[in-house]
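Architecture at a glance
Below are the chains, spelled out letter by letter.
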Amino acid sequence: ITELQRDPLWLGRYLESIRLVAMSWGWDVEAARRVEVPLGDPRKWEMWDVRLSKIIRSLWLFRQHRFLQSMQAFAREVQANEKEGRGFSYKGNCLDELLHMRLVDQ
C-alpha cells in the first residue's frame, strides 16, 4: 500500500476511479453532495452495498481522508433515503462498519 501511495500516477488514477463510480451513483465525491440528475438519468444508487463497502474500505486503507468522509456521507444518505434506515449487507453479512471507519491520525 505504501508503495502505491507514493506513486502519483497510480494514486491519481485510483482517485479518478472513485470519482467516476461515485458520479455513476449520483454523488459528487469532491463536493460531498448529490448531483442534480434529470428524471430518467441512469446515475443513481443501485443497492450495491458490497461495492460501496469495498470503496470505503480501500479509501481507509489508502488513508484518503477527504474521499473517505465524502463516501461515508453518501452511505449515510443512502441508508436514510434509499434504504429507509436499513443497514448495509451482502449475502447475510452486515457491512455497517463502513459507516464507522475512521483514520486515527487525522
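Everything in this summary refers to the structure shown in the same document. A quick note: this is a predicted structure, and the numbers were derived from the prediction, not measured.

Another point: the environment of Glu30. Turning to its location among the elements, Glu30 is positioned in the loop between strand 1 (27-28) and strand 2 (33-34). Sequence separation between Glu30 and Asn93 is 63 residues; the distance between their C-alpha atoms is 30 Å. In this structure Glu30 touches Arg19, Arg66 and Phe67, once residues within four positions along its chain are discounted. Only 2.7 Å separates the side chain of Glu30 from the side chain of Arg19, close enough to count as a polar contact. Polar contacts involving the side chain of Glu30 include one to the side chain of Arg66, which spans 2.7 Å.

Applying the stated criterion to the full structure yields five aromatic pairs. For the ring pair Trp10 and Tyr14, a centre distance of 5.1 Å and an interplane angle of 10 degrees mean the geometry is stacked. Of this pair, Trp10 and Tyr14 both sit in helix 2 (residues 8-24), separated by four residues, roughly a single helical turn. Residue classification places Trp10 among the partly exposed residues on the basis of a relative accessible area of 26%. Residue class for Tyr14 comes out buried when judged on its relative accessible area of 9%. Summarising the aromatic geometry, the rings of Trp25 and Phe74 are spaced 5.8 Å apart at their centres and angled 5 degrees between planes, so their arrangement reads as stacked. With Trp25 in the loop between helix 2 and strand 1 and Phe74 in helix 4 (residues 65-80), the pair connects residues that are 49 residues apart, well separated along the chain. Taking the relative accessible area as the measure of exposure, Phe74 reaches 0% and is therefore buried. A connected cluster of aromatic rings, assembled from ring pairs, spans Trp10, Tyr14 and Phe62. Against the face of Trp48 rests Arg51, its NZ or CZ located 4.1 Å from the ring centre.

Cut-off values and rules
- Residues numbered from 1 in each chain as written.
- Predicted model: local features only at pLDDT ≥ 70, side-chain atom pairs only at ≥ 80, totals over all residues.
- Heavy atoms only, no water.
- Helix = DSSP H or I, 4+ residues; strand = E, 2+ residues; numbered from the N terminus.
- Contact = heavy atoms within 4.5 Å.
- Polar contact = N/O pair within 3.5 Å; in protein donor to acceptor, adjacent residues only side chain to side chain.
- Phe/Tyr/Trp six-rings, centres within 6.5 Å; stacked < 30°, edge-to-face > 60°.
- Buried < 20%, exposed > 50% of the residue type's maximum accessible area, 1.4 Å probe, protein only.
- Lys NZ or Arg CZ within 6 Å of the ring centre and 35° of its normal.

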